[in-house]
Amino acid sequence: MINRIATCLCHPSRIGLYYKDKLWTPILYVVVFILALIGVVLMSHVNESYFTMDDTRYVSRLVSDYKHPINLEFNNRKLTGDSIIIESKYVDLYFLDPLASPKAQDKISLYFNEESVNIYQGTQKLNSYSYASSMVRDFNLNDIRTGANGAKLEFERLVLATLASVNSYYVYTDAAYTIAGLIASYFMVLLFVGVFSYFTNQDLTMKVRMKICLYCTLIYPLMAILSVCYRISFFEIIGLALPLFYCRSAFSRIVRVRVNKV
């Protein structure tokens, strides 16, 4: 098994030696490599934070830049006062607005209700964060607008906790998109290798061609793993090109001999 993998990855001209393998053998190798790639992608996202402190400060600046007085107070884990709406390019803030409804726009909306804050991405509700679960002390939102650091700090703590409550959703959604993209790229590479192999050597059966093509594409998941581990996209680009080189090297060395029966 190890020798076969080493040959497929390091000696493409010898891949044709495995033309007698069962078809499920190269398929199994591909599945193992793809599963390893999926595992690496998931592990690389474990400790990632989608939202940063800059995102929290951005929300805080929306309140501090508000032009009108704000009659809102966070007291004893409850928000009281008058309703206001603060809209921006990336985030919308709704304070005690019972008539507010999620918009179809693909941006984040924070709905600060009396006892909790709801976070939406477009029209999809991601989470509801209760003020009771926060360690935020009492503050007045108008103090943020007038430049009071204490109120600003407490509001940022609340926003940071709210965004952190949906961090895993964004992180694993990003991981899912990454995995889907890599798998799609693999099948695209397999298709290109299959077409290229036909023009390289037409004198083979479809079954043999498929086995050799599958072996030739094993290099792509390996390069994708390196790309994810080292965060260097160039590795994946190399991985997209190498299977074609492997295909050329493997199929050009295969000669089918026909024996005429007497």
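Structure: above.
These lines cover the structure that appears in this document, whether it is placed above or below. (Residues numbered from 1 in each chain as written. Predicted model: local features only at pLDDT ≥ 70, side-chain atom pairs only at ≥ 80, totals over all residues. Heavy atoms only, no water.)

1. What about the sheet that holds strand β1 (residues 72–75)?
Strands sit in the order β2-β1-β8 across an open sheet of 3 strands; the sheet is antiparallel. The open sheet is flanked by β2 (78–81) and β8 (139–140), the only strands paired with a single partner. The pairing of β1 with β8 spans 2 bridges and is classified as antiparallel. Paired with F74 across the strands is F139, a residue of β8. (Pairing = 2+ DSSP bridges. Helix = DSSP H or I, 4+ residues; strand = E, 2+ residues; numbered from the N terminus.)

2. Details of unusual backbone geometry
The phi torsion at N76 lies on the positive side, around 55 degrees, for a residue other than glycine. Tracing the chain through its elements places N76 in the loop between β1 and β2. On the basis of relative accessibility, which here comes to 61%, the residue N76 falls in the exposed class. The residue R77 is not glycine, and still its phi comes out positive at about 65 degrees. With respect to the helices and strands, the residue R77 is situated in the loop between β1 and β2. (Buried < 20%, exposed > 50% of the residue type's maximum accessible area, 1.4 Å probe, protein only.)

3. Examining helix α3 (residues 53–64)
A rise of 1.5 Å per residue sets the reference length of α3, with its 12 residues, at 16 Å; its end C-alpha atoms lie 16 Å apart and thus fit the reference within 8%. Among all positions in α3, only T56, V59, S60, L62 and V63 are buried. Summarising the axial view, the buried residues of α3 lie within an arc of 150 degrees, below the 170-degree limit, and thus occupy one face. Elements that come into contact with the buried residues of α3 comprise β3 (84–87), β4 (91–95), β5 (108–112), α4 (141–145) and α5 (149–164). (Expected span 1.5 Å × (residues − 1). Arc of directions from axis to C-beta. Contact = heavy atoms within 4.5 Å.)

4. What to know about the pattern of salt bridges
For the structure shown, the criterion picks out 7 salt bridges. In this structure, K107 engages D92 in a salt bridge whose closest nitrogen and oxygen atoms are separated by 3.1 Å. Of the two residues, K107 is situated in the loop between β4 and β5 and D92 in strand β4; the sequence distance between them amounts to 15 residues. Both residues of the pair, K107 and D92, belong to the buried class. (Salt bridge = Lys/Arg side-chain N within 4 Å of Asp/Glu carboxyl O.)

5. Concerning the pairing of β3
Taking every second residue as pointing to the same face, the buried face of β3 carries I84 and I86, while none of I85 and E87 on the other face is buried. Relative to β4, β3 runs antiparallel, the two being bridged by 4 bridges. Across the sheet, residue E87 finds its bridge partner in β4, namely D92. Following β3, the chain reverses through 3 residues before pairing antiparallel with β4.

6. Looking at the packing of aromatic side chains
Summed over all chains, the structure comprises 18 aromatic pairs. A ring pair is formed by F51 and Y170, whose centres lie 5.1 Å apart and whose planes are at 80 degrees; its orientation type is edge-to-face. Of the two residues, F51 sits in the loop between α2 (24–44) and α3 while Y170 sits in helix α6 (residues 167–200), which places them 119 residues apart along the sequence. As far as the burial class goes, F51 and Y170 line up, both buried. Where Y186 meets F187, the ring centres are 5.5 Å apart and the plane angle is 75 degrees; that geometry is what we call edge-to-face. Ring-pair connections join several aromatic residues into one group, and the members of that group are F74, F95, F112, Y131, F139 and F155. (Phe/Tyr/Trp six-rings, centres within 6.5 Å; stacked < 30°, edge-to-face > 60°.)

7. Observations concerning the environment of T200
In this structure, T200 sits in helix α6. What makes T200 buried here is its relative accessible area of 19%. Linking T200 and F251, residues 51 residues apart in sequence, is a C-alpha distance of 6.4 Å. Look past the residues within four positions of T200 in its chain and what remains in contact with it is R248, F251 and S252. Reaching out from T200, the side chain makes a polar contact with the backbone oxygen of F196 at a distance of 2.8 Å. (Polar contact = N/O pair within 3.5 Å; in protein donor to acceptor, adjacent residues only side chain to side chain.)

8. Looking at the nonpolar core
Among the nonpolar cores identified, the biggest contains 37 residues, and I15, I212, C216 and L218 are the most heavily contacted of them. Mapped by element, the contributors of at least two residues to this core are α1 (2–10), α2, α6, α7 (206–216), α8 (219–230) and α9 (233–251). Considering each element in turn, this core owes the most residues, 7 residues, to α6. Those residues in contact with C216 that sit more than four places away from it in its chain are I15, V193, P243, Y246, C247 and A250. By size, the runner-up hydrophobic cluster in this structure holds 33 residues, among which are L79, L96, I108 and F155. (Core = buried A, V, L, I, M, F, W, Y, C linked by side-chain atoms within 4.5 Å.)

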